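Descriptive analysis of the structure
The primary structure of each chain is shown beneath.
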Amino acid sequence: QVQLVESGGGLVQAGGSLGLSCAASGRTFSSYAMGWFRQAPGKEREFVAASRWSGDRTYYAHSLKGRFTISGDNTKNTVLLQMHSLEPEDTAVYYCAAADKPTTTPADLNAYSYWGQGTQVTVSS
């Protein structure tokens, strides 16, 4: 079993920055890719960003590219999400996810086998 624990959420003013961290633990961890998703109240969970553990490919939601950056440290089994120029519309619970099989659809929730409990990000106007 794999456990994912997010941290770093909180309250930030519009235009500010915030960094999220996801620590993976459990059985010998081997993941093809890690992803970040978010879910705002009353909305479906949506893709934010993903990265292969090898770090050779990253993927972003088109609307977020340029403001959000995903990075990982596979020696520490940690993946980070740096968020800049935050907007009130970025307010959501942010989830970390791990895909343990190769996928050609890293933006698809169904590609991920393991999920964290989520961390709240609130952007005030």
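In what follows, the structure referred to is the one given above.
Here goes a summary of the coordinates provided.

Conventions adopted
Residues numbered from 1 in each chain as written. Predicted model: local features only at pLDDT ≥ 70, side-chain atom pairs only at ≥ 80, totals over all residues. Heavy atoms only, no water. 1 Å grid on protein atoms, 1.4 Å probe; cavity = no way out; pocket = protein on both sides within 12 Å on 5 of 7 lines; lining within 4 Å. Points joined across faces, edges and corners; volume = space filled by probe spheres on them. Nonpolar A, V, L, I, M, F, W, Y, C, P; charged D, E, K, R; others polar. Helix = DSSP H or I, 4+ residues; strand = E, 2+ residues; numbered from the N terminus. Contact = heavy atoms within 4.5 Å.

Our next topic: empty space enclosed by the protein. Throughout the structure, instances matching the rule amount to one cavity of 30 Å³ or more. Size it by volume and the largest cavity reaches roughly 30 Å³. Tyr 32, Ala 33, Arg 52, Tyr 59, Thr 103 and Pro 106 together form the lining of the largest cavity. The residue makeup of the lining of the largest cavity, split by class, is four nonpolar, one polar and one charged.

Our focus in this paragraph is the side chain of Ser 51. Relative to the elements of secondary structure, Ser 51 occurs in strand S5 (residues 46-52). In this structure, Ser 51 is in contact with Ala 33, Met 34, Arg 57, Thr 58 and Ile 70, ignoring residues within four places of it in sequence.

Here Ala 23 is to be found in strand S3 (residues 18-26). Expressed as a C-alpha distance, the spacing of Ala 23 and Thr 104, which sit 81 residues apart in the sequence, is 24 Å. In this structure Ala 23 touches Gln 3, Leu 4, Val 5, Asn 77 and Thr 78, once residues within four positions along its chain are discounted.

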